[in-house]
Amino acid sequence: MDVLKKVPVREQDPKVRAANFDEVCLGYNMEEAQQEASRCIKCKNARCMTGCPVSINIPGFIKEIQDGNIEAAANIIAESSALPAVCGRVCPQESQCEGVCIRGIKGEPISIGKLERFVADWSRENGFVPKKAEKMNGKKVAVIGSGPAGLTCAGDLAKLGYEVTIFEALHQPGGVLLYGIPEFRLPKDTVVKTEIENVKKLGVKIECNVVIGKSVTIDQLLSEEGFSAVFIGSGAGLPKFMGIPGENANGVFSANEFLTRNNLMKAFRDDHDTPIARGKKVAVVGGGNVAMDAARTALRLGAETYIVYRRSEAELPARVEEVHHAKEEGVIFKLLTNPKEILVDENGWVKGMVCVEMELGEPDASGRRRPVEKAGSEFTIDVDTVIMSLGTSPNPLISSTTEGLEVNKWKCIVADETNGKTTKEGVYAGGDAVTGAATVILAMEAGKAGAKGIHEYLSNK
């Protein structure tokens, strides 16, 4: 075994998986996990832990895997994370824990994410249950939203003895884990639902079909329902568009709607009657993970699929692994390309998209080189469906119905990132509702910070 190289992880063949919604990555078995764990050099000052937004004791759980003590590894992870099977699959480890791994200086870093997934999958298969609080403290906390921020905050508060109720607007809990990330990256029944059940086993209650700001307000939760504090983890579900001609045509979708129909409402399955656009030629505009998810979903629904992105491959915000998988499956990348107009036929349906070629100029505020239009480079892509994946912002319903809750110019809730404290007493917030669209693990980090802030607030009250 070459200790400088990762133990390869098994995956579905690209030609096979491009036609199904089964999970792409098959994960490690026990032997592979122990081999990969043996590559860890057990650093005294483990940089990987500083690279982990939720500060998991990474060397600790990896040593337990190497020694074959998987339940001990599960207990170590459970101290810091309520969603290990999710994180092991969708976290951008390459820019976090694995990005600072010492082993990676003279070789490939340890596959920390794949090892976390192995432990979490073992836990599910062997009925591992996280430890509940030994006694309750009699205080009630409301959590708005059952995505990664809300679930993490609720789990941490439950472990501290609080009586926690999560209010979810949709008919099923999970937030973006359920509606946003496709089955082939994150299986819903086996992975997401199991992790939610584990949070419930800590004593957390979840009420679905409750739209905060309509069904009940935050002020009512605090003054009439007996809650001592509220955490807002309602995410960012409002899609952005380009504002170009033809964008209101039939056949133009936000990635949010397209993925929600497919992931939450199971449009890809024959035994579900949710309608979804099955275009023959689909352009997905954007370069993030959501764009890759939308493109790979459209491909599986039978389309010739393009990613249209205005910068080069080096600037793609999506994870390298997602880009690699998309290319393997046959997604066509039109880089340094920007849409100018969506062409519409006499019946109001998309019939093509006018684009221009771009070149990279000087860096902009984000540090990435600014794309500049090439004169006289217009061309048309023959497509019948366009999916806009340009990011999302928070829905203003909560902020507009909560007096004293400050938002910024992007309609994001203003909150202290160290403890989630907002401008309204007793109300804390974190995740995409505060930052705008970001990653699952950063939302979890914010959920942990919010739980810490609420605990400090209620302990001193």
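Keep in mind it's a predicted model, so treat the numbers as computed, not measured.

Turning next to the packing of helix α8 (residues 148–159) against helix α17 (residues 440–459). Closest axis-to-axis distance for the α8/α17 pair is 7 Å, and the angle between their directions is 35°. As for how α8 packs across α17, the hand of that crossing is right-handed. Between α8, through P148, A149, T152, C153, D156 and L157, and α17, the contact on the second element is made entirely by V440, A443, M444, G447, K448, G450, A451, I454 and H455. The class makeup of the residues in the contact of α8 with α17 is nine nonpolar, four polar and two charged.

We now examine the UniProt feature "domain: FAD/NAD(P)-binding" (unreviewed entry) in the chain. Taking the numbering used here, the UniProt-annotated feature "domain: FAD/NAD(P)-binding" (unreviewed entry) corresponds to residues 139–447. Across residues 139–447, the secondary structure splits into 27% helix and 25% strand, with the terminal C-alpha atoms separated by 18 Å.

What follows is about the sheet that holds strand β11 (residues 332–335). The parallel open sheet is built from five strands, whose spatial order is β8-β16-β9-β10-β11. At either margin of the open sheet sits one strand with a lone partner, and together these are β8 (252–254) and β11. If you compare each strand with its neighbour and ignore which way they point, the axes differ by 20° on average. Bridge analysis of β8 against strand β16 (residues 385–388) gives three bridges, and the strand direction is parallel. Across the sheet, residue V252 finds its bridge partner in β16, namely V386.

Among all residues except glycine, the phi angle is most often negative; among peptide bonds, the trans geometry is most common. Even without being a glycine, K42 presents a positive backbone phi close to 55°. Of note, K42 is situated in the loop between α2 (30–37) and α3 (47–51). If you check the backbone angles, K266 has positive phi at about 55° while not being a glycine.

Here the focus is the side chain of T337. Relative to the elements of secondary structure, T337 occurs in strand β12 (residues 337–344). Reaching out from T337, the side chain makes a polar contact with the backbone oxygen of L335 at a distance of 2.9 Å. If near-sequence neighbours (up to four positions away) are discounted, T337 is found in contact with V308, Y309, R310, C355, V356, M358 and F379.

One broad rule of soluble globular proteins: the nonpolar side chains tend to lie buried together. Counting 71 residues, the largest nonpolar core has F61 and I65 as its most contacted members. The biggest single contributor to this core is α17, with eight residues. Here I65 is in contact with A33, Q34, A37, I70, A73, L115, F118 and V119, once residues within four sequence places are set aside. If you look at the next biggest cluster of nonpolar residues, it comprises 28 residues, including F184, A267, V284 and Y309.

Our next topic: the state of the cysteines. Tallying each qualifying case throughout the model produces zero disulfides. Cysteine C40 is unpaired, with the sulfur of C43 as its nearest cysteine sulfur at 6.3 Å. Judged by relative accessible area, C40 falls into the buried class, the value being 14%.

This part takes up the UniProt feature "domain: Dihydroprymidine dehydrogenase" (unreviewed entry) in the chain. In this numbering, the UniProt entry assigns the feature "domain: Dihydroprymidine dehydrogenase" (unreviewed entry) to residues 17–127. Along residues 17–127, the helical share is 48% and the strand share 3%, with 29 Å between the first and last C-alpha atoms.

Our focus in this paragraph is the packing of aromatic side chains. A full pass over the atoms with the stated rule returns four aromatic pairs. Taking 5.9 Å as the distance between ring centres and 85° as the angle between the ring planes, the aromatic pair formed by F167 and F227 counts as edge-to-face. With F167 in strand β4 (residues 163–167) and F227 in the loop between α11 (218–223) and β6 (229–232), this pair connects stretches of sequence that are 60 residues apart. F167 sits in the buried class, given a relative accessible area of 6%. What links up through ring pairs into an aromatic cluster is the set F21, F184 and F268. Here the guanidinium or amino end of K327 rests over the ring plane of F333, the centre of that ring lying 5.6 Å away.

The rules behind these values
- Counting from 1, residues in each chain are numbered in the order their sequence is written.
- Per-residue local features are limited, in this predicted model, to residues with pLDDT of at least 70; the limit for side-chain atom pairs, both in listing and counting, is 80 or more; totals at the level of whole chains, interfaces and linings are taken over all residues.
- Hydrogens and water are ignored here; the side-chain numbers use all heavy atoms of the structure.
- Structural elements are reduced to axes, namely lines fitted to C-alpha atoms, with helices fitted over the stretch in contact, and the angle between N-to-C directions of any two is expressed from 0 to 180 degrees.
- Helix and strand definitions here come from DSSP, where helices need a minimum of 4 consecutive H or I residues and strands a minimum of 2 consecutive E residues; each element is numbered from the N-terminal end.
- Should the near helix be turned anticlockwise from the far one by less than a right angle, the crossing is termed left-handed; should it be turned clockwise, right-handed.
- Note on contacts: a residue pair is in contact if any heavy atoms of the two residues lie within 4.5 Å.
- Lys, Arg, Asp and Glu make up the charged group, whereas Ala, Val, Leu, Ile, Met, Phe, Trp, Tyr, Cys and Pro make up the nonpolar group; the residues left over, Gly among them, are polar.
- UniProt positions are given in the numbering used here, feature names are shortened, and annotations may be inferred rather than shown by experiment.
- Any two strands are treated as partners once DSSP identifies two or more bridges connecting them.
- Polar contact is the term for a pair of N or O atoms within 3.5 Å; when the atoms are in protein, one must be able to donate a hydrogen and the other to accept it, and sequence-neighboring residues count only if both atoms are side-chain atoms.
- What makes a nonpolar core is a set of buried Ala, Val, Leu, Ile, Met, Phe, Trp, Tyr and Cys residues whose side-chain atoms join them at distances within 4.5 Å.
- Note on classification: 1.4 Å probe, protein chains only; a residue is buried when its accessible area is under 20% of the maximum for its type, exposed when over 50%, partly exposed between these limits.
- Disulfides are defined as pairs of cysteine sulfur atoms found within 2.5 Å of each other.
- Each aromatic pair joins two rings of Phe, Tyr and Trp (for Trp, the six-membered one) with centres within 6.5 Å, and gets the label stacked for planes under 30 degrees apart, edge-to-face for over 60, and tilted for any other angle.
- Our definition puts a charge over a ring when NZ of Lys or CZ of Arg is within 6 Å of the ring centre and also within 35 degrees of the ring normal.

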